[in-house]
Amino acid sequence: MDKEEILKKSREENEGIDGEYEESVLAEANRISIYVGSAVCVLLIIASRYLFHRYVAAFGGLFVLFSITASRDIMMFSRIKEKKHLVRAIIEIFWALLSAGMMVYLWMKGLY
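Since this is a predicted model, take the numbers as computed values, not measurements. (Residues numbered from 1 in each chain as written. Predicted model: local features only at pLDDT ≥ 70, side-chain atom pairs only at ≥ 80, totals over all residues. Heavy atoms only, no water.)

Draft legend 1. Looking closely at the environment of Ala89. Along the chain, Ala89 turns up in helix α4 (residues 83-109). Along the sequence, Ala89 and Phe77 sit twelve residues apart, while their C-alpha atoms lie 8.7 Å from each other. With residues up to four places along the chain from it excluded, the contact list for Ala89 reads Ala70, Asp73 and Ile74. (Helix = DSSP H or I, 4+ residues; strand = E, 2+ residues; numbered from the N terminus. Contact = heavy atoms within 4.5 Å.)

Below, the structure written as structure tokens:
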């Protein structure tokens, strides 16, 4: 093997490394963004309750957030088959339904 063949073979072997790194960074960014979104929703609930004496649209935000994360974990479970994704999805669906229930309850009480 000459130098050019070795370089060509090395490039072919290392071709996917940048893509794998980018995917791992994207996965980490997804996790962080979900935590930030959750914190913002909780702060919105607290602020709307104590500043405006109403719950405004805080539970709607939580409903959307938990629906997004549940759908992500359902997809991860369907592809990877790790039980932790199924458990997360079930918990997130529970919280999404609880948020929707709170919206309906507050709407019926005239607080929403």
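Draft legend 2. A look at α4. Over its 27 residues, α4 extends 39 Å from the first C-alpha to the last, a length consistent with the 39 Å expected when each residue adds 1.5 Å. Taken together, the buried positions of α4 are occupied by His85, Ala89, Glu92, Ala96, Ser99, Ala100 and Leu106. On the buried face of α4, the contacting elements are α3 (58-80). (Expected span 1.5 Å × (residues − 1). Buried < 20%, exposed > 50% of the residue type's maximum accessible area, 1.4 Å probe, protein only.)

Draft legend 3. Fine view of the environment of Asn30. Position of Asn30 among the secondary structure elements: in helix α2 (residues 17-51). In the structure, Asn30 is positioned 39 residues away from Thr69 in sequence and 9.7 Å away in space, judged by C-alpha atoms.

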